[in-house]
Amino acid sequence: MASGNEIIVTGEPKGVFLEGYITGTPLPGTIVTLDVSEAVSNGRFTYEPFSPATGLRAMTAVLLPDSLKGKTETEAYVTGDRCFMYVPVAGEEMNVLVQDSEDAIVVGDLLIVETATGLLLETTGTPESEPFQALEALGTIAADTLCHVIATGQ
């Protein structure tokens with residue numbers, strides 16, 4: 001499960017690295033977006049698990065571990081922490097958190113972001129956005145798990 005123990009798998013990533021503050025207690029690998037209800041602090045925005053104000057085509061950034069404090073992908077942030085994120089470009093591989101569910105994940109599944117949790121799920125219905133595609137099979141997921149995915153740019 002997952003590819004290695006880093007969130008960004010692609011060597012020489014071409015996306016954008018961001019810094020800000022976090023709301024909630026998300027783990028690295030969670031998809032986050034701007035928390036528009038919070039004021040800018042020290043020139044940095046606040047981010048929250050994916051919960052766009054309107055529509056589902058908001059920027060999707062992947063939360064990275066706080067390496068400045070020696071944290072790993074298994075250690076959650078807490079509200080007010082300085083956080084580090086990465087916005088991938090299409091074709092980049094990452095390890096992103098997939099939500100526990102009854103559905104099995106197989107290679108090639110397109111994945112959507114669950115609003116309010118920021119975790120990925122297998123696509124259902126006709127979503128506005130499918131930003132990731134699974135590169136590994138996980139079977140039925142009993143707990144939130146890092147999954148090797150590729151960014152689709154969608």
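For the structure, see preceding data.
Residues numbered from 1 in each chain as written. Predicted model: local features only at pLDDT ≥ 70, side-chain atom pairs only at ≥ 80, totals over all residues. Heavy atoms only, no water.

## What about the pairing of strand β5 (residues 82–87)?
Logical step 1: Among the six residues that make up β5, five are buried, leaving the element largely enclosed by the rest of the structure.
Logical step 2: Sheet analysis places strand β1 (residues 16–22) next to β5, joined by six bridges and oriented antiparallel. Bridge pairing links L18 to M85 in β5.
Logical step 3: Inspection of the sheet shows strand β4 (residues 61–64) paired to β5 by three bridges, in the antiparallel sense. The residue bridging V62 from the neighbouring strand is Y86, located in β5. (Buried < 20%, exposed > 50% of the residue type's maximum accessible area, 1.4 Å probe, protein only. Helix = DSSP H or I, 4+ residues; strand = E, 2+ residues; numbered from the N terminus. Pairing = 2+ DSSP bridges.)

## Considering the side chain of D109
Logical step 1: With respect to the secondary-structure elements, D109 resides in the loop between β7 (101–105) and β8 (110–113).
Logical step 2: Only 3.1 Å separates the side chain of D109 from the backbone nitrogen of V106, close enough to count as a polar contact.
Logical step 3: In this structure, D109 is in contact with A104, E122, F132, Q133 and A134, ignoring residues within four places of it in sequence. (Polar contact = N/O pair within 3.5 Å; in protein donor to acceptor, adjacent residues only side chain to side chain. Contact = heavy atoms within 4.5 Å.)

## Thoughts on the nonpolar core
Logical step 1: Counting residues in each nonpolar core, the largest one holds 33 residues, and the members touching the most others are I31, M94, V96, I105, L120, F132 and V149.
Logical step 2: The element best represented in this core is β5, accounting for five residues.
Logical step 3: Not counting residues within four places of it along the chain, the set of residues in contact with I31 comprises E48, P49, F50, T60, A61, V62, V96, V113, G118, L120 and F132. (Core = buried A, V, L, I, M, F, W, Y, C linked by side-chain atoms within 4.5 Å.)

## Here's the deal with unusual backbone geometry
Logical step 1: Positive phi, normally seen in glycine, also occurs at E12, with a value near 50 degrees.
Logical step 2: As for its position among the elements, E12 is in the segment before β1.
Logical step 3: A positive phi angle, near 85 degrees, is found at A116, a position not held by glycine.
Logical step 4: Relative to the elements of secondary structure, A116 occurs in the loop between β8 and β9 (120–122).

## Quick notes on the packing of aromatic side chains
Logical step 1: Applying the stated criterion to the full structure yields one aromatic pair.
Logical step 2: Relative to Y86, the ring of F17 has its centre 4.7 Å away and its plane inclined at 50 degrees; by these criteria the two rings are tilted. Here F17 is found in strand β1, whereas its partner Y86 is found in strand β5, with 69 residues between them in sequence.
Logical step 3: We classify Y86 as buried; its relative accessible area is 0%. (Phe/Tyr/Trp six-rings, centres within 6.5 Å; stacked < 30°, edge-to-face > 60°.)

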